[in-house]
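# Descriptive analysis of the structure
One-letter residues, chain by chain:
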Amino acid sequence: MKNVYTTFRTGIQSAVLGLALGHSFAVAGSFPDKPITVIVAASAGAGTDYVTRALTERLGIELGKPVVVENRGGAGGFVAADALRRSSNDGYTLLVAPDDVAKWPALGIHKSLNVAEDFEPVALLGTVDFFLIVSGSAATARTPLELVRLAKQSPGSLSYASPGAGSPQNLSMELFKQKTGTDFTHVPYKGMGPALTDLLAGRVQVAITGYPTFGAHLESGKIHVLAATSSHRSQQLPNVPTLAEQGGPDIDTQGYFSMFAPKGTPAPIIARLNAAINKVLAEPQVRDGLEKRAITPVGGPPSQLRDKIQVEIEKWKKVVKAAGITPDQ
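A quick note: this is a predicted structure, and the numbers were derived from the prediction, not measured.

### What to know about the overall build of the chain
In terms of helices and strands, the chain carries twelve helices and ten strands. Considered along the principal axes of its C-alpha atoms, the chain spans approximately 80 × 50 × 35 Å. Residues counted as buried form 50% of the 329 residues belonging to the chain. When the accessible area of the chain is evaluated, it comes to approximately 14800 Å², of which 54% is carbon and sulfur surface. The centroid of the 32 positive side-chain charges in the chain is displaced by 3 Å from the centroid of its 28 negative side-chain charges.

### A few points about helix α7 (residues 168–180)
With 13 residues, α7 should reach 18 Å at 1.5 Å per residue; the first-to-last C-alpha distance of 18 Å fits that figure. Most of α7 is tucked away, with eleven of its 13 residues classed as buried. If you check which residues of α7 are buried, you get P168, Q169, N170, L171, S172, M173, E174, L175, F176, K177 and T180. Note on α7: the residue one or two positions beyond its end, G181, has a positive phi of about 65°.

### Details of the pattern of salt bridges
Taken as a whole and assessed by the stated rule, the structure comprises 13 salt bridges. For the salt bridge of R53 with D49, the shortest nitrogen-to-oxygen distance reads 2.8 Å. Remark: D49 and R53 occur in helix α2 (residues 47–63); sequence separation between them is four residues, near one turn of the helix. Residue R287 pairs with E291 through a salt bridge whose shortest N-O separation is 3.9 Å. Remark: E291 and R287 occur in helix α11 (residues 284–292); sequence separation between them is four residues, near one turn of the helix. Taken together, the shared-partner salt bridges connect D82, R85 and R86 into one network.

### As for the packing of α2 against helix α10 (residues 267–281)
One can describe the packing of α2 onto α10 by two numbers: an axis separation of 9 Å at closest approach and a directional angle of 120°. As far as their axial angle goes, α10 and α2 are oblique. Considering the relative orientation of α2 and α10, their crossing is right-handed. Mapping the contact onto sequence places L55, R58, L59, E62 and L63 in α2 and R272, L273, A276, I277, K279, V280 and L281 in α10.

### Things to note about the nonpolar core
The biggest cluster of nonpolar side chains holds 48 residues, and the ones touching the most others in it are L95, L132, L147, F176 and F184. Broken down by element, the residue count for this core peaks at six residues, all from helix α12 (residues 302–323). In contact with F176, other than residues within four places in its own chain, are L132, L147, V148, T182, F184, I208, L243, P249 and I251.

### A word on the environment of L158
Its location among the elements puts L158 in the loop between α6 (144–153) and β5 (159–162). The residues touching L158, leaving out its near neighbours within four places in the chain, are L147, L150, A151, F184, T185 and Q205.

### Considerations on unusual backbone geometry
In most cases, non-glycine residues show a negative phi, while peptide bonds are predominantly trans. F31 connects to P32 through a cis peptide bond whose omega is -10°. On the secondary structure map, P32 appears in the loop between α1 (2–29) and β1 (36–40). Backbone geometry places A294, a non-glycine residue, at a positive phi of 65°. You can see A294 is positioned in the loop between α11 and β10 (296–297). The exposure class of A294 is buried, given its relative accessible area of 4%.

### Quick notes on helix α8 (residues 192–201)
Turning to α8, its buried residues number three or more, namely M192, A195, L196, D198 and L199. All buried residues of α8 fall inside an arc of 165° around its axis, so they share one side. Two residues or fewer after α8 comes G202, characterised by a positive phi angle close to 85°.

### Things to note about the packing of aromatic side chains
Scanning the entire structure with this criterion turns up seven aromatic pairs. Ring-pair connections join several aromatic residues into one group, and the members of that group are F131, Y211 and F214. The ring of Y92 has K34 lying over it, and the distance from NZ or CZ to the ring centre is 4.7 Å. If you follow K308 out to its NZ or CZ, it ends over the ring of Y256, 4.7 Å from the centre.

### Focus: the pairing of strand β7 (residues 206–210)
The buried count for β7 comes to five of five residues, which makes it a mostly enclosed element. Here strand β4 (residues 119–135) runs beside β7; their pairing, made up of five bridges, is antiparallel. Pairing of I133 across the sheet is with A207, part of β7.

### Observations concerning the side chain of S258
In this fold, S258 is placed in strand β9 (residues 254–262). Judged by its relative accessible area of 2%, S258 falls in the buried class. Filtering out sequence-adjacent residues up to four positions away, S258 remains in contact with L95, V96, A97, A123, L124, L125 and L305.

Rules used throughout
Residues numbered from 1 in each chain as written. Predicted model: local features only at pLDDT ≥ 70, side-chain atom pairs only at ≥ 80, totals over all residues. Heavy atoms only, no water. Helix = DSSP H or I, 4+ residues; strand = E, 2+ residues; numbered from the N terminus. Buried < 20%, exposed > 50% of the residue type's maximum accessible area, 1.4 Å probe, protein only. Areas by Shrake-Rupley, 256 points an atom, 1.4 Å probe, with all protein chains shown as cover. Lys, Arg positive; Asp, Glu negative; His and termini not counted. Charge placed at Lys NZ, Arg CZ, Asp CG, Glu CD. Expected span 1.5 Å × (residues − 1). Salt bridge = Lys/Arg side-chain N within 4 Å of Asp/Glu carboxyl O. Axes fitted to C-alpha atoms, helices over the stretch in contact; angles between N-to-C directions. Parallel < 35°, antiparallel > 145°, perpendicular 65-115°, else oblique. Left-handed = near helix turned anticlockwise from the far one by under 90°. Contact = heavy atoms within 4.5 Å. Core = buried A, V, L, I, M, F, W, Y, C linked by side-chain atoms within 4.5 Å. Arc of directions from axis to C-beta. Phe/Tyr/Trp six-rings, centres within 6.5 Å; stacked < 30°, edge-to-face > 60°. Lys NZ or Arg CZ within 6 Å of the ring centre and 35° of its normal. Pairing = 2+ DSSP bridges.

In structure tokens form, the structure reads like this:
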């Protein structure tokens, strides 16, 4: 009797699982059958917005349904992320966000929302390479090691700019300080625009930031690029060595943009979206448009984004704790 019951129970469980899987694949097979909304965690015109709009028109063609962009800036991306969390997990509402949102667990902010736990990764859309730059007033430092030497000669005398405590630029510079045993004075700004203005004028001396921030000023002589801070040379400035190539620390920092779906979105739907995004990112007109804005298209499976976020959270937790960073909120 026991074997009969076990066999019967196993058969029922298999049947239920089969029905559930059949339903999931049936849903995915008809997906999408209506427009998709992509929430952007930024205002119109921002880098995150540009990435989204560069993809959505072609993505709509690939999926056979319109993709509508909805900008929801505010609270450093929390407004948009919270809107996604409250959405149905049917694949018809998605989020595109910068790397800031993945750093919330490390920073201890917006504790009611954890990107790694509350969302399903869809795809890593693109990256923006970061560089260590100095103002013309710090021209005596033409290599990272020279900058480290100057900083150690007079701790705290050199200052660095960022768009605020807890920003990727702030965290990157704090990691550089920790790895080199140096002390730079942090000067936070409301955005990298005003920070760059003071860097050009020599009122601050150092920054780690993305190429789009300073690229237009390279010929002015008011800024010098010392190193790429990622683990590879940048397509934008291929002649600029990485920190590691010059004997500095391999801090491997860059900006990136990601797409997410609500937790519980069926795997077949995630796979459908991911395949469509990868196809669109491979289109020459999309790749060229992104690369002209210094954004490197990436793509890849959802697991690639999931793994990246987990690594980032652990990495920045250590930096935040060691630096005693209290993020701007």
